[in-house]
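Residue-level structural notes
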Amino acid sequence: MKINSGLMLLCTSLMVHSIVATAQNQTANNNTTQDKADAIINKVVAAYGGDKLLSLKGFKLIDKRKAFRHGQNHSPNETDIFHRHASVTVDLVKQRKDYRLIRGTQTSGQIFDGKHGYSIDPTAQTLSKSTKMTFATADNKRLLHLDTALVLMLKDAHKSAEYIGEQAIRGLVHDVLKFQPAQSPELTLFINQQTGQIAQMQRPYRKNTYYNTHFSEFTQNQGITYAASTYQTKGGKSLNITITRKLEISPDFTQAFKLPKGYSTPKQGIDFSTMKATKLTDNVYQAGRYGGFSVFYDAGEYFIAAGGYYELTKRFEKVKELSKLDKPLKYLVVSHHHDDHLSGMKEAADLGVNFITVKDNIDSIRESAKVALADDRFTLVDNQGEFANGEVKVLDFENEHAKHNLMTYFSSAKILFTADMYFSRDVLGVPRGEQTHKDLKQKLKQAGFDVAQFAAAHSSKLLTMDNLDESIANTVPVACPAHWEICVK
Ligand SMILES: [Zn+2]
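Note that the structure is predicted; figures quoted are calculated from it, not measured.

Quick look at the state of the cysteines now. One pass over the structure, following the stated rule, counts 1 disulfide. Through a disulfide, cysteine 480 is tied to cysteine 487; the S-S separation comes to 1.9 Å. Between cysteine 480 and cysteine 487 the sulfur-sulfur dihedral comes to about -90 degrees; the bridge is accordingly left-handed. Its relative accessible area of 29% is what places cysteine 480 among the partly exposed residues. Owing to a relative accessible area of 12%, cysteine 487 belongs among the buried residues under this scheme.

The strand order across the open sheet formed by 6 strands is E21-E22-E23-E24-E25-E26, and the pairing between neighbours is mixed. Sheet topology places strand E21 (384-387) and strand E26 (463-464) at the edges, where each strand pairs with a single neighbour. Direction of pairing for strand E22 (residues 392-396) relative to strand E23 (residues 406-410): antiparallel, over a ladder of 5 bridges. Of the residues in E23, the one forming a bridge with valine 394 is threonine 408.

So, on to the pairing of strand E24 (residues 415-418). Side chains of E24 alternate between two faces, with Ile415 and Phe417 and Leu416 and Thr418 buried alike. Inspection of the sheet shows E23 paired to E24 by 3 bridges, in the antiparallel sense. Each bridged residue has a counterpart across the sheet, and for tyrosine 409 the counterpart in E24 is leucine 416. Pairing geometry for E24 and strand E25 (residues 453-456), over 4 bridges, is parallel. Note that in E25 the partner of isoleucine 415 across the bridge is glutamine 453.

Time to look at the sheet that holds strand E16 (residues 292-298). What the 7 strands build is an open sheet, ordered E14-E15-E16-E17-E18-E19-E20; its pairing is mixed. A single partner strand is all that each edge strand has here, and the edge strands are strand E14 (276-281) and strand E20 (378-380). Each strand axis lies, on average, 25 degrees off the axis of its neighbour in the sheet, ignoring direction. Relative to E20, strand E19 (residues 354-357) runs parallel, the two being bridged by 3 bridges.

Tracing the chain through its elements places aspartate 175 in strand E8 (residues 172-179). No salt bridge is formed by the buried aspartate 175; the nearest opposite charge belongs to lysine 43, separated by 4.3 Å. In contact with aspartate 175, not counting residues within four places along its chain, are Ile40, Lys43, Tyr163, Gly165, Glu166, Leu189, Phe190, Ile191 and Gln193.

Ideal donor angles around a metal are set by the shape: a four-donor tetrahedron calls for 109.5 degrees, a six-donor octahedron for 90 or 180 degrees. Summarising the metal site, the zinc ion is bound by the protein donors His336 (NE2), His338 (ND1), His401 (NE2) and Asp420 (OD), whose distances to it range over 2.0 to 2.2 Å. Mapped onto the polypeptide sequence, the residues donating to the zinc ion form the spacing pattern H-x1-H-x62-H-x18-D. Residue histidine 338 is located in the loop between strand E18 (329-333) and helix H5 (345-350), and its partner aspartate 420 is located in the loop between E24 and helix H7 (435-447); the two are separated by 82 residues in the primary sequence. Take histidine 338 and aspartate 420: they sit in the same class, and that class is buried.

Here we come to a nonpolar patch on the surface. Residues Tyr231, Ile241 and Ile243 make up a contiguous nonpolar surface patch of roughly 260 Å² in combined accessible area. With respect to the secondary-structure elements, isoleucine 243 resides in strand E13 (residues 237-249). Taking relative accessible area as the criterion, isoleucine 243 reaches 52% and is therefore assigned exposed.

Turning our attention to the domain arrangement of the protein. Here the protein is described as being made up of domain 1 (32-249) and domain 2 (276-473). In this structure, domain 1 and domain 2 have C-alpha centres spaced 40 Å apart. Contact residues are listed per partner, giving 11 residues for domain 1 and 14 residues for domain 2. Each partner contributes to the roughly 860 Å² buried at the junction of domain 1 and domain 2, and carbon and sulfur atoms together form 45% of this total.

Below, the discussion takes up the environment of leucine 146. Counting through the fold element by element, leucine 146 comes out in the loop between strand E6 (126-130) and helix H3 (147-156). For leucine 146, a relative accessible area of 0% translates into the label buried. Along the chain, leucine 146 and glycine 448 lie 302 residues apart, while their C-alpha atoms are 54 Å from each other. In contact with leucine 146, not counting residues within four places along its chain, are Phe59, Leu61, Phe215, Tyr226, Arg245 and Leu247.

Rules used throughout
- Residues numbered from 1 in each chain as written.
- Predicted model: local features only at pLDDT ≥ 70, side-chain atom pairs only at ≥ 80, totals over all residues.
- Heavy atoms only, no water.
- Disulfide = S-S within 2.5 Å.
- Buried < 20%, exposed > 50% of the residue type's maximum accessible area, 1.4 Å probe, protein only.
- Pairing = 2+ DSSP bridges.
- Helix = DSSP H or I, 4+ residues; strand = E, 2+ residues; numbered from the N terminus.
- Axes fitted to C-alpha atoms, helices over the stretch in contact; angles between N-to-C directions.
- Lys, Arg positive; Asp, Glu negative; His and termini not counted.
- Salt bridge = Lys/Arg side-chain N within 4 Å of Asp/Glu carboxyl O.
- Contact = heavy atoms within 4.5 Å.
- Donors = N, O, S within 2.8 Å, 3.2 Å for Na, K, Ca; no water.
- Patch = residues over 30% accessible without salt bridge, like charges linked within 9 Å, V, L, I, M, F, W, Y side chains within 5 Å.
- Areas by Shrake-Rupley, 256 points an atom, 1.4 Å probe, with all protein chains shown as cover.
- Domains from an automatic or database assignment.
- Buried area = accessible area lost by both parts, 1.4 Å probe.

In structure tokens:
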């Protein structure tokens, strides 16, 4: 015992010594790593303008991009591009930000005035105060794609910076730094060891996949460096690419941070957070929550459904529970090939459904279902099809949104189910009119569909034919304020 104690003492003393030694090594290592990170940060700051950058009072980014519509193309056989124009005016002294975006045909804006955040819709002419928006979040992550802004963020968050190591990009050695900016995802920068310029910024997307922004064609304005060319990828797939990019230094703030006059408060949205099933008529049920809704028809021996969002199984269970009917889901009408509307295909496959679709969309359905689907699992519609003795009619409507968009008409109930066509998520009022609504009205007339109510994939609110007429009468062009430089001419 005694001996053991002596031995223990000796061992303990050795252990303490070894812990101290390890801790000293660790501190030395930490110092080395921290010193390395600090040295790299200093080099990057110098490369982007040094004192000029550090004394910067404000800047404005005017960024015109083209983005790819992966998963949301008009046709399943072609990739489309759309405008993604943005401007961000930043007042670093008063902590104000003015962000403007054109995404396809939609315009929107966000202003942080130093204290409060606001969202703007120039077409609807609405303005809403946001309790969540801050100076950091007001640009919806747009400044993560400006290398100069990344340097300012890195400088601010330098204490969080961690040196990861070196990596070669196209044969050039790059230092890799990880850091955590305030109210932002963790960012990893790949910094050219020779120039100190940022070649790439990476942030997490899904497990083991990333968003990457690549920077090139470095230029200067008033001694401040920025990349004139960028492109962005998500999970390795191209997302968007810069067409033109301008960085103004100490810009004119006259037109910025001003709230538009005469704008009203946006309409109140419906709370869709609870999964709910409703009986619409004798044989027709509706179920869903958030952005995913389906309509189910009780065809006697089985159900037929329209609306293929994820949680199809939950919606079906809710309908069976409400109707106290336990029958299989035999058919599912797949509206169109867009990835969100195919997110329930795996569930549909597991439920054993037969997919009602068009020939062009079979591959997209198979890809989304991620299980082998034999040819006899598909029933093809060529323009128009009828099921359950004509109680369920399916009509293909090629429109602005998709090459094939199958509408499902429950004839006795006079209910039409559509996806991305005619719906409202507001408590009151009707949607703003679009060309598609005019075409829809025409299409229904041609088909002889006597529609009383419109059901939809993205809302449980039913709209009427009078609502559609009201929307059509209220068709207004998309607005882009005259003082926005990013408007599409
Ligand atoms: Zn769609």
